[in-house]
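The primary structure of each chain is shown beneath.
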Amino acid sequence: MAIEIGQRVKIRRVIERVPADIIAQLKQNPFGTVKGFKMVDGSGVGFIVQLDNKAATWFFEDETRSFSLIFPDCGGREILRG
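All values derive from a computational prediction rather than experimental measurement.

(A) Up close: the overall build of the protein. Helix and strand counts for the protein stand at one helix and seven strands. Across the protein, helices and strands are ordered from the amino to the carboxyl terminus as β-α-β-β-β-β-β-β. Relative to its full complement of 82 residues, the protein shows a buried share of 32%. Intrachain contacts of the protein at a sequence separation of at least 6 include 47% that bridge at least 24 residues. For the protein, the exposed surface amounts to about 5,300 Å²; the carbon and sulfur share of it is 52%.

(B) Summary view of helix 1 (residues 20-28). Among all positions of helix 1, only Ile-22, Gln-25 and Leu-26 are buried. Down the axis of helix 1, the sector holding all buried residues measures 100°, keeping them to one side. Facing away from the buried surface of helix 1 by more than 90 degrees, the exposed residues are Ala-20, Asp-21, Lys-27 and Gln-28. Each element contacted by the buried residues of helix 1 is listed here: strand 1 (8-11), strand 3 (44-51) and strand 4 (56-60).

(C) Region of interest: the side chain of Thr-57. Checked against the element boundaries, Thr-57 lands in strand 4. Of the residues examined, Thr-57 reaches a relative accessible area of 18% and is grouped as buried. If near-sequence neighbours (up to four positions away) are discounted, Thr-57 is found in contact with Ile-22, Phe-47, Ile-48 and Val-49.

(D) Seen up close, the pattern of salt bridges. For the coordinates displayed, the defined rule picks out two salt bridges. Between Asp-52 and Arg-8 there is a salt bridge whose closest N-O contact spans 2.7 Å. Linking Asp-52 in the loop between strand 3 and strand 4 with Arg-8 in strand 1, this pair joins segments that are 44 residues apart in sequence. Note on Arg-8: relative accessible area 13%, which makes it buried.

(E) Spotlight on the side chain of Gln-25. If you trace the backbone, Gln-25 turns up in helix 1. What makes Gln-25 buried here is its relative accessible area of 12%. Looking at Gln-25, its side chain comes within polar contact range of the side chain of Asn-53, at 3.3 Å. Residues within four places of Gln-25 in sequence aside, it is in contact with Leu-51 and Asn-53.

(F) Molecular detail of a nonpolar patch on the surface. Taken together, the side chains of Ile-5, Phe-37, Met-39 and Val-45 define a hydrophobic patch exposed on the protein surface, amounting to about 390 Å² of accessible area. The topology assignment puts Val-45 in strand 3.

What counts and what doesn't
- Residues numbered from 1 in each chain as written.
- Predicted model: local features only at pLDDT ≥ 70, side-chain atom pairs only at ≥ 80, totals over all residues.
- Heavy atoms only, no water.
- Helix = DSSP H or I, 4+ residues; strand = E, 2+ residues; numbered from the N terminus.
- Buried < 20%, exposed > 50% of the residue type's maximum accessible area, 1.4 Å probe, protein only.
- Contact = heavy atoms within 4.5 Å.
- Areas by Shrake-Rupley, 256 points an atom, 1.4 Å probe, with all protein chains shown as cover.
- Arc of directions from axis to C-beta.
- Salt bridge = Lys/Arg side-chain N within 4 Å of Asp/Glu carboxyl O.
- Polar contact = N/O pair within 3.5 Å; in protein donor to acceptor, adjacent residues only side chain to side chain.
- Patch = residues over 30% accessible without salt bridge, like charges linked within 9 Å, V, L, I, M, F, W, Y side chains within 5 Å.

Structure below.
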């Protein structure tokens, strides 16, 4: 499944370019919402992700994982499953 704007994702890993405060936030809560796309390395695509504390940065595609699933039998509540 392709990741889309507005979709919830889990940040699976990060490389060293991420500031220390973002890494600390990800250790507490690795979930965020995709707010946009970013061209990286001339051919790849990254995602601009807003974390639940409203901080935002971008991540490579292989650093994220789609996590937003809605199950009709759960009353429309968002269920996060990895």
